[in-house]
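Read off the chains here:
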Amino acid sequence: KAGVTQTPRYLIKTRGQQVTLSCSPISGHRSVSWYQQTPGQGLQFLFEYFSETQRNKGNFPGRFSGRQFSNSRSEMNVSTLELGDSALYLCASTETPHSGGAEAFFGQGTRLTVV
Amino acid sequence: AQSVTQLGSHVSVSEGALVLLRCNYSSSVPPYLFWYVQYPNQGLQLLLKYTTGATLVKGINGFEAEFKKSETSFHLTKPSAHMSDAAEYFCAVSEEAGNQFYFGTGTSLTVIP
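Residues numbered from 1 in each chain as written. Chains lettered and ligands numbered in written order. Predicted model: local features only at pLDDT ≥ 70, side-chain atom pairs only at ≥ 80, totals over all residues. Heavy atoms only, no water.

## Observations regarding the overall build of chain B
A count of helices and strands for chain B gives zero helices and twelve strands. Along chain B, helices (α) and strands (β) appear in the sequence β-β-β-β-β-β-β-β-β-β-β-β when read from the amino end. Over its C-alpha trace chain B gives a radius of gyration of 13 Å, about what one expects of a compact globule, namely 13 Å for 113 residues. Referenced to the eigenvectors of the C-alpha coordinate spread, the extents of chain B come out at roughly 45 × 30 × 20 Å. (Helix = DSSP H or I, 4+ residues; strand = E, 2+ residues; numbered from the N terminus. Rg over C-alpha atoms; globule rule 2.2 N^0.38 Å.)

Here it is, written out as structure tokens:
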């Protein structure tokens, strides 16, 4: 069974640009969550999608958005990039909406560098 | 709100020595607790988790953790460190009705030959 796939693995963008990251969950998993990992802030929750609906959103500005498609693949978009958006963006999938003791499977992440 | 504290951002042990990584949490309700490991340029891999039942949880690669409610702790241990254990370790908590993880800041483990 294939794991969580994130593309691309690495990205370099210029301030002010926008970027779209993609995540394909494990087959049969319908929930996708996104996390931002930085040395200063650690791992922070961005949002979760289940059945094409955003269930929860973390404390990030509106420049960060996402969506989920009918095949459960998810994309996140960051507009008007800032230097502080440089981070490793991790995607996690679960079979059902993430709750309690559900095990989440993480992708390898997309390393975004904003210059 | 949930919070997780990992004492010691960097821990060094000799190969073959005991590994002890500390994690304390704050939660107003019974939590679900996790340890994840991250190797360089990789995602997170689940080591073990506590949901209910036995408070001593065994995970992969010889790691185990004990849930101590009275101390609000979930420390990770391994009797004998191996070079391949060098990585970043994250403790995380989730609630029954929650839909996200709250992660600690991580502990970088170095294994000295």
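## Brief notes about the environment of leucine 7 of chain B
Residues and elements named next belong to chain B. By the element assignment, leucine 7 lies in the loop between β1 (3–5) and β2 (10–14). Put simply, leucine 7 and glycine 104 are 97 residues apart on the chain and 9.3 Å apart in space, counted from C-alpha to C-alpha. Every residue in contact with leucine 7, bar those within four places of it in the chain, is listed here: Arg22, Asn24 and Thr107. (Contact = heavy atoms within 4.5 Å.)

## Things to note about the layout of surface pockets
Estimates place the volume of the largest pocket at around 430 Å³. Lining the largest pocket we find 21 residues, and of these Gln37 and Pro39 of chain A together with Gln38, Glu88 and Phe90 of chain B sit closest to its centre. Contributions of two or more residues to the lining of the largest pocket are made by β4 (31–38) of chain A together with β10 (87–94) of chain B. The element that contributes the greatest number of residues to the lining of the largest pocket is β10 of chain B, accounting for three residues. For the lining of the largest pocket, a count of residues per class yields six nonpolar, 13 polar and two charged. What lines the second largest pocket is a set of 13 residues, among which Leu43, Gln44 and Phe45 of chain A together with Gln100 and Tyr102 of chain B lie closest to the centre. Counting only elements with at least two residues in the lining of the second largest pocket, the list comes to β5 (42–50) of chain A together with β1 and β11 (102–103) of chain B. Per-element accounting of the lining of the second largest pocket gives the leading share, three residues, to β5 of chain A. (1 Å grid on protein atoms, 1.4 Å probe; cavity = no way out; pocket = protein on both sides within 12 Å on 5 of 7 lines; lining within 4 Å. Points joined across faces, edges and corners; volume = space filled by probe spheres on them. Nonpolar A, V, L, I, M, F, W, Y, C, P; charged D, E, K, R; others polar.)

## Looking at the interface of chain A and chain B
Contact with chain A, which involves 22 residues of that partner, is made by 20 residues of chain B. A buried area of about 1,800 Å², summed over both sides, lies between chain A and chain B, and 50% of it is on carbon and sulfur atoms. Where chain A packs against chain B, one counts zero salt bridges. On inspection of chain A and its partner chain B, the count reaches five residue pairs in polar contact (both at pLDDT 80 or more). Only β4, β5, β6 (53–57) and β9 (87–94) of chain A provide two or more residues apiece to the side of chain A that touches chain B. Ranked by residue count, the leading element in the side of chain A that touches chain B is β5 of chain A, at three residues. Of the residues contributing to the side of chain A that touches chain B, the split by class is nine nonpolar, eight polar and five charged. (Buried area = accessible area lost by both parts, 1.4 Å probe. Salt bridge = Lys/Arg side-chain N within 4 Å of Asp/Glu carboxyl O. Polar contact = N/O pair within 3.5 Å; in protein donor to acceptor, adjacent residues only side chain to side chain.)

## A word on the pattern of salt bridges
Residues and elements named next belong to chain A. For the structure on display, the rule yields seven salt bridges over all chains. As a salt-bridge pair, arginine 55 and glutamate 48 come within 2.6 Å of each other at their nearest N and O atoms. Classification of arginine 55 by relative accessible area gives partly exposed; the value is 36%. Because the salt bridges share partners, they merge into one network encompassing Arg63, Glu82 and Asp85. (Buried < 20%, exposed > 50% of the residue type's maximum accessible area, 1.4 Å probe, protein only.)

## With respect to the sheet that holds strand β8 (residues 74–78) of chain A
Two pairing modes exist for strands in a sheet, parallel and antiparallel, and in both the strands are linked by backbone hydrogen bonds. All names here are of chain A. The strand order across the open sheet formed by four strands is β1-β3-β8-β7, and the pairing between neighbours is antiparallel. One side of each edge strand has no neighbouring strand; the edge strands of this open sheet are β1 (5–7) and β7 (64–68). The mean inter-strand angle of the sheet, taken between neighbouring strand axes irrespective of direction, is 20 degrees. Here β7 runs beside β8; their pairing, made up of five bridges, is antiparallel. (Pairing = 2+ DSSP bridges. Axes fitted to C-alpha atoms, helices over the stretch in contact; angles between N-to-C directions.)

Everything listed is a geometric property; what it means functionally is a separate question.
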